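A closer look at the structure
Below are the chains, spelled out letter by letter.
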Amino acid sequence: MSQVHLIDHPLVQHKLTLMRKKEASTNSFRRLLGELASLMAYEVTRDTPLQDVEIETPMEKMTAKVIDGKKLVFVSILRAGTGILDGMLNVVPGARVGHIGLYRDPKTLVAVEYYFKMPQDMAERDVIVVDPMLATGNSAIAAVERIKELKPKSVKFVCLLTCPEGLKAMGDAHPDVPVYTAAIDRQLNDHGYILPGLGDAGDRIFGTK
Ligand code: URA
């Protein structure tokens, strides 16, 4: 199993429930996902190192703490990762952004890469990979494998929902990558969808079905 951080803050749980409802509109689904992602950003960046800077308040000089946001890279797994990415950038606007395009072959459920663009100097950066659903784990595992080729300082994975099958697959492939999630649902179905889940996250974010 992966190291899992279950984000059980009441605001996160409340918003997730609203998103799961089948009658949630595209508009509200997308808005809630952005809000949820901003809340999850607090948890996933909790151990980000701080550095001292000298500043001047209206009263006097002081040594204060800042994070070096530019060292953080959010990597969005296209296309559904975009919904989480926007919410995370609201909270960490200085972060760099990478994209990886993967689609699931509908028959084999294997992840096929069609796009890969990362910031330079990945060896100096901490990476947070985002995708709303950790289901079979195939896309997440393939994305992390590709990112690790660039030897980043660390990799974390953030999703909204996962299931035991996805956590096991991710943990077997990348035991060093912690998973941050708002819920661990019951199971995967035969088509690689999470139950009870929330349906197809990409379609619900973009209104494509
Ligand atoms: N991807 C989705 O969008 N939903 C699932 O339930 C599983 C994978």
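Residues numbered from 1 in each chain as written. Predicted model: local features only at pLDDT ≥ 70, side-chain atom pairs only at ≥ 80, totals over all residues.

Side note on the packing of helix H2 (residues 26-44) against helix H3 (residues 81-91)
- Between H2 and H3, the shortest axis-to-axis distance is 7 Å and the interhelical angle comes to 50°. As judged from the angle between their axes, H2 and H3 are oblique. Crossing of H2 against H3: the hand is right-handed. Of the residues in H3, those in contact with Arg30, Leu33, Gly34, Glu35, Leu36, Ala37, Ser38 and Ala41 of H2 are Gly83, Ile84, Asp86, Gly87, Met88, Asn90 and Val91.
- Tallied by class, the residues present in the contact of H2 with H3 amount to seven nonpolar, five polar and three charged. (Axes fitted to C-alpha atoms, helices over the stretch in contact; angles between N-to-C directions. Helix = DSSP H or I, 4+ residues; strand = E, 2+ residues; numbered from the N terminus. Parallel < 35°, antiparallel > 145°, perpendicular 65-115°, else oblique. Left-handed = near helix turned anticlockwise from the far one by under 90°. Contact = placed C-beta atoms within 7 Å. Nonpolar A, V, L, I, M, F, W, Y, C, P; charged D, E, K, R; others polar.)

Comments concerning the packing of helix H1 (residues 10-20) against H2
- Running from N to C, H1 and H2 cross one another at 155°; their axes reach a closest spacing of 10 Å. In terms of their interaxial angle, H1 and H2 are classed as roughly antiparallel. For the pair H1 and H2, the sense of crossing is left-handed. Taking contact as the criterion, the partners of Leu11, Val12, Lys15, Leu16, Leu18 and Met19 in H1 are, on H2, Phe29, Leu32, Leu33, Glu35, Leu36, Leu39 and Met40.
- Of the residues in the contact of H1 with H2, the class split is 11 nonpolar, no polar and two charged.

Describing the UniProt feature "binding site: 5-phospho-alpha-D-ribose 1-diphosphate" (unreviewed entry) in the protein
- Mapped onto this numbering, the UniProt entry gives "binding site: 5-phospho-alpha-D-ribose 1-diphosphate" (unreviewed entry) at Arg79, Arg104, Asp131, Pro132, Met133, Leu134, Ala135, Thr136, Gly137, Asn138, Ser139 and Asp200.
- Mapped onto the elements, arginine 104 comes out in strand S5 (residues 96-104).
- Excluding anything up to four places from it in sequence, arginine 104 contacts Leu109, Ala111, Asn138, Ser139 and Gly192.
- Here alanine 135 lies in the loop between strand S8 (133-134) and helix H4 (138-148).
- Looking at alanine 135, the number of C-beta atoms within 10 Å reads 27, which means it is buried.
- Contact partners of alanine 135, with chain neighbours within four places excluded, come to Cys163, Gly166, Leu188, Gly192, Tyr193 and Ile194. (UniProt positions renumbered as here; feature names shortened; annotations may be inferred. Buried ≥ 20, exposed ≤ 12 C-beta atoms within 10 Å, placed from the backbone.)

A short note on the sheet that holds strand S4 (residues 72-78)
- Spatially, seven strands are ordered S1-S11-S9-S7-S4-S5-S6 in an open sheet, and the strand pairing comes out mixed. Since the sheet does not close on itself, it has two edges, and those belong to strand S1 (4-6) and strand S6 (111-117), each with one partner. Across the sheet, the mean angle separating the axes of adjacent strands is 20° when strand polarity is ignored. (Pairing = 2+ DSSP bridges.)

Looking at the pairing of strand S2 (residues 50-56)
- When you tally the buried positions in S2, you get zero out of seven residues, a small fraction of the element.
- Bridge analysis of S2 against strand S3 (residues 61-67) gives seven bridges, and the strand direction is antiparallel. Looking at the pairing, valine 53 lines up with alanine 64 of S3.
- Here S2 folds back onto S3, and the loop between the two strands holds four residues.

Concerning the nonpolar core
- Of all hydrophobic cores here, the largest spans 55 residues; its most connected members are Met40, Val129 and Val130.
- For this core, the element with the highest residue contribution is H2, accounting for eight residues.
- Apart from the residues within four sequence positions on either side, valine 130 is in contact with Phe74, Val75, Ser76, Ile77, Gly81, Ile84, Leu85, Met88 and Val158. (Core = buried A, V, L, I, M, F, W, Y, C linked by C-beta atoms within 7 Å.)

Some points on unusual backbone geometry
- Here the bond from leucine 78 into arginine 79 is cis, since omega is 0°, no more than 30 degrees from zero.
- Mapped onto the fold, arginine 79 is located in the loop between S4 and H3.
- Residue leucine 195 is joined to proline 196 through a cis peptide bond whose omega torsion reads -5°.
- Tracing the sequence through the fold places proline 196 in the loop between strand S14 (194-195) and helix H6 (201-206).
- For aspartate 121, which is not glycine, the phi dihedral falls at a positive 55°.
- Positionally, aspartate 121 belongs in the loop between S6 and strand S7 (126-130).
- For lysine 151, which is not glycine, the phi torsion reads 55° and is therefore positive.

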